[in-house]
2 protein chains.
Amino acid sequence: MHNLEASQLTVMLLSLGLLIGMARLLGELARVLHQPAVLGELLAGVILGPTVFGQISPEWQAILFPSDGPNSIVLHGISTLAIVLFLLVAGLEVDLSTVWEQGRSAMKVGVLGTLVPFLLGLIGAWVIPDMLGRPPGGDPLIFALFLATAMSISALPVIAKTLMDLNLYRTDLGMVVVSAAIFNDLIGFTLFAIILGMIGSHGTGLSIVATITLTLLFAGLVLTVGRSFVHWTLPVLQAYTHWPAGVLGFIVTLGLFGAAFTEFIGIHAIFGSFIVGVAVGASDHLHERTRVMLEEFVSFIFAPVFFASIGLRVNFVTRFDLSLVVLLLVLACVGKLAGAVVGARWGGMPSRQAWAVGFAMNARGAMEIVLGLLALEAGVIRQRLFVALVVMAIVTSAMSGPLMRWVLRQKQPHKLQRVLSPKLFQQDMRATSSREAIHELAALAHQYYDLDIEAVEDLAWQREEIAATGIGNGVAIPHARISGLKEAIVAVGISEPGINFDAPDGQLAHVIFLLLTPRDDPSVQLGLSANIAKMFRNPESLQYVLLSKNFTELLAKFKVLDSR
Amino acid sequence: MHNLEASQLTVMLLSLGLLIGMARLLGELARVLHQPAVLGELLAGVILGPTVFGQISPEWQAILFPSDGPNSIVLHGISTLAIVLFLLVAGLEVDLSTVWEQGRSAMKVGVLGTLVPFLLGLIGAWVIPDMLGRPPGGDPLIFALFLATAMSISALPVIAKTLMDLNLYRTDLGMVVVSAAIFNDLIGFTLFAIILGMIGSHGTGLSIVATITLTLLFAGLVLTVGRSFVHWTLPVLQAYTHWPAGVLGFIVTLGLFGAAFTEFIGIHAIFGSFIVGVAVGASDHLHERTRVMLEEFVSFIFAPVFFASIGLRVNFVTRFDLSLVVLLLVLACVGKLAGAVVGARWGGMPSRQAWAVGFAMNARGAMEIVLGLLALEAGVIRQRLFVALVVMAIVTSAMSGPLMRWVLRQKQPHKLQRVLSPKLFQQDMRATSSREAIHELAALAHQYYDLDIEAVEDLAWQREEIAATGIGNGVAIPHARISGLKEAIVAVGISEPGINFDAPDGQLAHVIFLLLTPRDDPSVQLGLSANIAKMFRNPESLQYVLLSKNFTELLAKFKVLDSR
């Protein structure tokens, strides 16, 4: 085996550490600002790449992220592996049965939501190729087909995530969107495979027709025979091998083989691992915990390496072309919104819901960037258009959630973690009775909010006298609905000796939440109470929470309980 | 970025798929045969490497696993990354506080268990260097120090796993062994770092003294300041970032930085990630689920790539030297056993326990192989001795568990999964009463075992009449202790309509286990009952299990419940 030298290994480890660390950091920052994590991950690469770091210190940038030589090869290998595994995980999320169940509405959204932007892209690329940045001398047909595909593709992972955040994933609306997006993905990927086949077969010596035939044959076989094989194999592995490692190893191996095959026949590796992912995800024998483990590791350790590495390739400042970005963005949004909204209306959805479907489908997300990069590498597009595609993908993804919330007039779901604050936390409560506890927490809230403390206490106490709010397992949730309040205020206190809140299980309450919620929106209080009850449904939760020594540790433990 | 060509990517994906798939397959096979998984993983490399595949088809072997060129570089990069992450995880398992708690006994075992084999190795290398395969012209001091270190090192991951399998991990014996092994690991690694420092500083231009000083400074700083920083940071990340991804990304990034630093100063990368792992593992803010997720993925997806890649480097047949293997094995076992057993006796342990400590400490496992490979790359040893070291590591690891069980006269722990069999499974029971259910399952057992069926039924029914065996949550465990029985026989049946076994919660039993256990060993029945009760303590378990359509699916679901 050809060994890397010590200095090259040092650079490899350091550059990977920088990429992962920076990408995760900015990814989290993006999340805090309600933006998709991929934005932060791309930004990490932009900072470490020629755009920023390369301007500040070209020598060090060239040492850490050389554009040639062994380290460059290793980074390309690892980032390819990363995107192959990411598409495998994206495939796992596809649930083919959903598409059939949703039937007509989904089909109409899917077909129009793919066809309209596709045609618009095709026409645009044919009529104004220069404005859209067609490379001089490039094949007009291939360029037009690529742009049309790029316009029509959606981003299932981003869409699924947005729907989950809005608590819409398991609704009819959510299922229509997801099924339409799956349809969209499958069509988009097949089109893209055909384009890659047309570009030339990477010297495999296969003709276009052979490549396309093999691609369709591969997808067909994997999704039928392969799918049954996986469905049969998963319980055997789960029963007789180390779990979940046995199943994980099997899925990763299949994904790599699928990727190797599609790369071999002249379309990109990601197509193979995506199809394998779909086949594996179709089996209800795939245990949720296995899927989550693969997903967390791949999405948050591997994928950031890929997305950050994009920023290393392109200078996002010098290649930024405002008019191209705006043109592309308008073309993309008009095509997708028109297709999806008309499709949803045609499928019988009310206007607001139809627009919500449109905004959801409009998110391009990570898929667009992956396809764009492949087109860039194949010479179909140039850096200027690639940068515009990346910006378009990010902007459409970032506006998807807020626009859906706005058109559905939906509020943020009521999560305890979002309303807690270190100010409204009392480590060692002095109260010894429920009345005193309510007073103590209300007084705490009064320090930071303009509340009529006596009215608040009276309301909470009246409520307490109607029915005690000890919910058992050592927790109490006294509460009051207050007119004029815009947002929930939650004060939380810990009582080591415990306070009697008349819980059905007879236990004293050690963790007390005082919920003050808007009077005219009962859903806030109900949502928060349900959230708390869920976290403490397990009797062991109390002991775990009481280990906290400060607010941060408390919040950390709530997060674990909430994710169970 | 320098891009790999399509054919090179194909080879990369295919070769990784083969390495992971084959390594996992043979690793599981080794596990079934009660051997360490690393044996199977190494064997996968031997099969795919020059030893077997290279003999069958040298051309294809050279295409898939070339010894030079971009693919070779990528594989070296990825396998280095794999071992760096594996050592990070190994570091997480180290619990420094245990060493202090166990105090004297552990210290005595640790010191003698390190010193005696070290001296024996040193003397051996000095007196019979040629028989031990010192390379001609090699530095005698460095060779002797390496061999002494190789003799003295233990393998914490293997040892911890063996103790867990034998249910000894949380006992006094287990804690003495683990603390001694931690001591051993830390000393062994420091010695090895010093040897690497002496070999030369990989062209970093640092003197030996500077390298060693920097190494100790790094370890000291990471284990004090770094440890406090991690302890403070973990709850913040858990509270304010996506969990567990935020924490995972943080740990991996730190590990890579640590590895880059130690590689930079002239000792190997694994030293840095190991020390970072120890510092992170020392914090009780590291949530168990985060650790397990990292461990599963790294141990079962990454580590196999590294261990399999070893087989690609060396021909294990032509370089196998029987007399060297035997000599090394004897030297290793005598030194380690003498040191550890005497240390344990000195620490006041009874004879059998002292020998158990010795056999546990004797396992060399993966660490030995890692050190051996580094020595091979640095030219300190040659392939013949490397092969002998690998064999020695595997043999000492494989015999560790069985010898401990033998010297402690311990039986295998009573796990339901080990005694279930597809023959003794009844999918749709006909019985409608508890009496009939016992009859039906006893008759099933009777088909395959030589049992006095009437006596068995009578015993089980008498037991049932004393106190009903419905344990609630839809499960019943009728049982009988039978004289002359050597091993437990368990028949399991599913009843869709349910059978009344007088459970305290009033539920009918849908899953019925008939336990027939040896009369003179009550622990078998108690162990199995406890195992079943644990799996079904959650009311949701029943519905989950009832989804099974055959025995394999049932066993797969039991595995999930058992791991909760």
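Our subject is the structure that appears above.
Thresholds applied
- Residues numbered from 1 in each chain as written.
- Chains lettered and ligands numbered in written order.
- Predicted model: local features only at pLDDT ≥ 70, side-chain atom pairs only at ≥ 80, totals over all residues.
- Heavy atoms only, no water.
- Helix = DSSP H or I, 4+ residues; strand = E, 2+ residues; numbered from the N terminus.
- Buried < 20%, exposed > 50% of the residue type's maximum accessible area, 1.4 Å probe, protein only.
- Salt bridge = Lys/Arg side-chain N within 4 Å of Asp/Glu carboxyl O.
- Contact = heavy atoms within 4.5 Å.
- Nonpolar A, V, L, I, M, F, W, Y, C, P; charged D, E, K, R; others polar.
- Core = buried A, V, L, I, M, F, W, Y, C linked by side-chain atoms within 4.5 Å.

Positive phi is not limited to glycine here, since A:N473 has a value of about 55°. Positive phi, close to 55°, is recorded for B:D502, a residue that is not glycine. Within the secondary structure, B:D502 sits in the loop between strand 5 (489–499) and strand 6 (509–518). You can call B:D502 exposed: its relative accessible area is 56%.

In this section: the pattern of salt bridges. All names here are of chain A. For the structure shown, the criterion picks out 18 salt bridges over all chains. Taking the shortest distance from any N to any O, the salt bridge between E288 and R291 comes out at 3.0 Å. Of this pair, E288 and R291 are both found in helix 13 (residues 288–313), three residues apart, which corresponds to roughly one turn of the helix. Between E368 and R364 there is a salt bridge, with its nearest N and O atoms 3.8 Å apart. Of the two residues examined, E368 and R364, each falls in the buried class. Sharing partners across several salt bridges, the network here consists of R24, E28 and R31.

Here the focus is the environment of A:L416. Residues and elements named next belong to chain A. With respect to the helices, strands and loops of the structure, L416 is situated in helix 18 (residues 416–419). When its relative accessible area of 1% is taken as the criterion, L416 is described as buried. On a C-alpha basis, the gap between L416 and R313 in space is 42 Å, while along the polypeptide they are 103 residues apart. Apart from the residues lying within four places of it in its own chain, the contact partners of L416 are V490, F513, L528, N531, I532, M535 and F558.

Opposite the 81 residues of chain A that make contact, chain B presents 80 residues. For the side of chain A that touches chain B, the secondary-structure elements that each account for two or more residues are helix 1 (6–32), helix 5 (70–93), helix 10 (208–240), helix 11 (245–264), helix 13 and helix 23 (551–562) of chain A. A per-element tally of the side of chain A that touches chain B places helix 1 of chain A first, with 14 residues. Considered class by class, the residues forming the side of chain A that touches chain B number 45 nonpolar, 23 polar and 13 charged.

Membership of the largest hydrophobic core comes to 363 residues, with the highest contact counts inside it found for A:F513 and B:F513. Look past the residues within four positions of B:F513 in its chain and what remains in contact with it is B:L416, B:V475, B:A476, B:I477, B:P478, B:V490, B:A491, B:V492, B:I532, B:F536 and B:F558. With 26 residues, the next largest nonpolar core counts B:L424, B:A445, B:I489 and B:A491 among its residues.

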